[in-house]
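Survey of secondary and tertiary structure
The chain contents come next:
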Amino acid sequence: MEQTARKVIALGFFDGVHLGHQALLRRTVERAEERGLIPAVFTFDRSPREFVTGVPVPLLTTAEARRAAVEALFPIHEIIVAPFDEHMMTMPWVDFVLELAQKYRAGWLVAGHDFRFGHRNAGTPALLSKKAAALGMGCDIIPAVTLDGVTVSSTRIRALLEQGEAEEAARLLGRPFSLSGPVRHGKGLGSSRLGAPTVNLVPPAGQLVPAYGVYAARVSVGGRVYGAVTNVGVRPTVDIDGGVTVESHLLDQSVQLYGKGCRVDFLRRLRPEQKFESMDALRRQIARDADSARSYLAAQEGAAL
């Protein structure tokens, strides 16, 4: 297809690429196939809300993870990542639509029911549709996606994860919430004193971590997937300095994975983080957590058959 071909462009920040975002992206691909256009996404390099308010917004996905999720789920041909800066923040809404048509060669636009844009968020879905029609473009506005009467949104998913509700968050995301990063060296306590091989990673700056505690999890690294019990927090019993860590004890595995890329999928919170009176007490609790995680993973695998 020629580079000058028009595009169907999905608009949004897409944090989490949840079920609501997926409905929008699905429509984008459908319109592109119907019209012989290129399916594309227009997003920003940072949270617009954080830039405008100055209040940090812990994100469900890094920019890299958003791109990877979109590309894994849909045949999107182009992802446009625009800087959200002073220029973008103060751009009149009309100019934003004109730029989509002229600079990015939009022939059709797809946006969510709550999409706001332009200076002071003056642009609305209704204005977007009207201006798109005036410029000879089509426009779809996707209604809210709900589950059990609750609107699927990044804000709702963040709140669930902050409460440790990993299973409900996964329902709204359409997959488990995950954190990714290189495997780091810890103090060696997992393998040498606790009797379990461990994978440690430090969450990327600015990304949300779920509520402190212990989770049944899956760890993907080096093309393989391992069952795991994962602790999120500051590890009060072993007195580790340096902030929040994500430490996964692999179930029934003995592997050396330092330096490799790792993804931890959080499946269910088993218990809150707590301090134990001794390393022996911690080791015994890890064994109980491992049994709980094995039971949960076995039940999940059985349900999938």
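In the block above lies the structure referred to throughout.
This structure is a prediction, so every number in the text was calculated from the model and none was measured. (Residues numbered from 1 in each chain as written. Predicted model: local features only at pLDDT ≥ 70, side-chain atom pairs only at ≥ 80, totals over all residues. Heavy atoms only, no water.)

**Side note on the side chain of Lys-7**
With respect to the secondary-structure elements, Lys-7 resides in strand E1 (residues 7-11). From its side chain, Lys-7 meets the backbone oxygen of Tyr-104 in a polar contact 3.4 Å long. Dropping the residues within four chain positions of it, Lys-7 is found in contact with Leu-37, Ile-38, Ala-40, Glu-78, Ile-80, Tyr-104, Arg-105, Ala-106, Gly-107 and Trp-108. (Helix = DSSP H or I, 4+ residues; strand = E, 2+ residues; numbered from the N terminus. Polar contact = N/O pair within 3.5 Å; in protein donor to acceptor, adjacent residues only side chain to side chain. Contact = heavy atoms within 4.5 Å.)

**Things to note about helix H6 (residues 125-134)**
Buried within H6 we find Pro-125, Leu-128 and Ala-132. Mapping the buried residues of H6 onto a view down its axis gives an arc of 55°, with all of them on the same face. Opposite the packed face of H6, turned more than 90 degrees from it, sit the exposed residues Ala-126, Lys-130, Ala-133 and Ala-134. Contacts made by the buried residues of H6 are with E1, helix H5 (93-102), strand E4 (106-112) and strand E5 (138-142). Phi for Gly-136, located one or two positions after H6, is positive at around 80°. (Buried < 20%, exposed > 50% of the residue type's maximum accessible area, 1.4 Å probe, protein only. Arc of directions from axis to C-beta.)

**A closer look at unusual backbone geometry**
Not every positive phi belongs to a glycine, and Phe-14 is a case in point at roughly 65°. Structurally, the position occupied by Phe-14 is in the loop between E1 and helix H1 (19-35). Here Asn-121, not a glycine, exhibits a phi torsion of approximately 55°, which is positive. Tracing the sequence through the fold places Asn-121 in the loop between E4 and H6.

**Things to note about the sheet that holds strand E12 (residues 245-250)**
Strand pairing in a sheet is mediated by backbone hydrogen bonds. Such pairs are either parallel or antiparallel. Ordered in space as E8-E13-E10-E11-E12-E9, the six strands form an open sheet in which the pairing is antiparallel. If you trace the sheet from one side to the other, it starts and ends with strand E8 (177-182) and strand E9 (198-201), each paired once. The mean angle between the axes of side-by-side strands here comes to 30°, regardless of whether they run parallel or antiparallel. The sheet contact formed by strand E11 (residues 224-233) and E12 spans six bridges and is antiparallel. Across the sheet, Ala-228 pairs through a bridge with Leu-250, a residue of E12. The strands touched by helix H8 (residues 166-173) are E8, strand E10 (213-221) and strand E13 (261-271); relative to E13, the strand with the most contacts, the crossing angle is about 125°. (Pairing = 2+ DSSP bridges. Axes fitted to C-alpha atoms, helices over the stretch in contact; angles between N-to-C directions.)

**So, the sheet that holds E5**
Taken together, five strands build an open sheet; the order of strands is E3-E2-E1-E4-E5 and the sheet is parallel. A single partner strand is all that each edge strand has here, and the edge strands are strand E3 (78-82) and E5. On average, each strand axis in the sheet is tilted by 20° relative to the strand beside it, whichever way the strands run. By the bridge criterion, five bridges tie strand E2 (residues 38-44) to E3 in an arrangement that is parallel. Bridge pairing links Phe-44 to Ala-82 in E3. Where helix H3 (residues 63-73) meets the sheet, it contacts E2 and E3, and its direction lies at approximately 160° from that of E3. Contacting E1, E2 and E4, H5 crosses the sheet at an angle of about 135° to E4.

**So, the pattern of salt bridges**
Within the structure shown, the criterion is met by 15 salt bridges. Across the pair Glu-34 and Arg-31 runs a salt bridge, and its minimum N-O distance is 2.9 Å. With a gap of three residues between them, Glu-34 and Arg-31 both fall in helix H1, about one helical turn apart. Accessibility expressed as a relative area gives 53% for Glu-34, which makes it exposed. Residue class for Arg-31 comes out buried when judged on its relative accessible area of 18%. For Asp-265, the salt bridge is made with Arg-263, and the minimal N-O distance between the two is 2.9 Å. Overall, Arg-263 belongs to the partly exposed group, its relative accessible area being 34%. One network of salt bridges, in which partners are shared, links Arg-27, Glu-30, Arg-31, Glu-34 and Asp-140. (Salt bridge = Lys/Arg side-chain N within 4 Å of Asp/Glu carboxyl O.)

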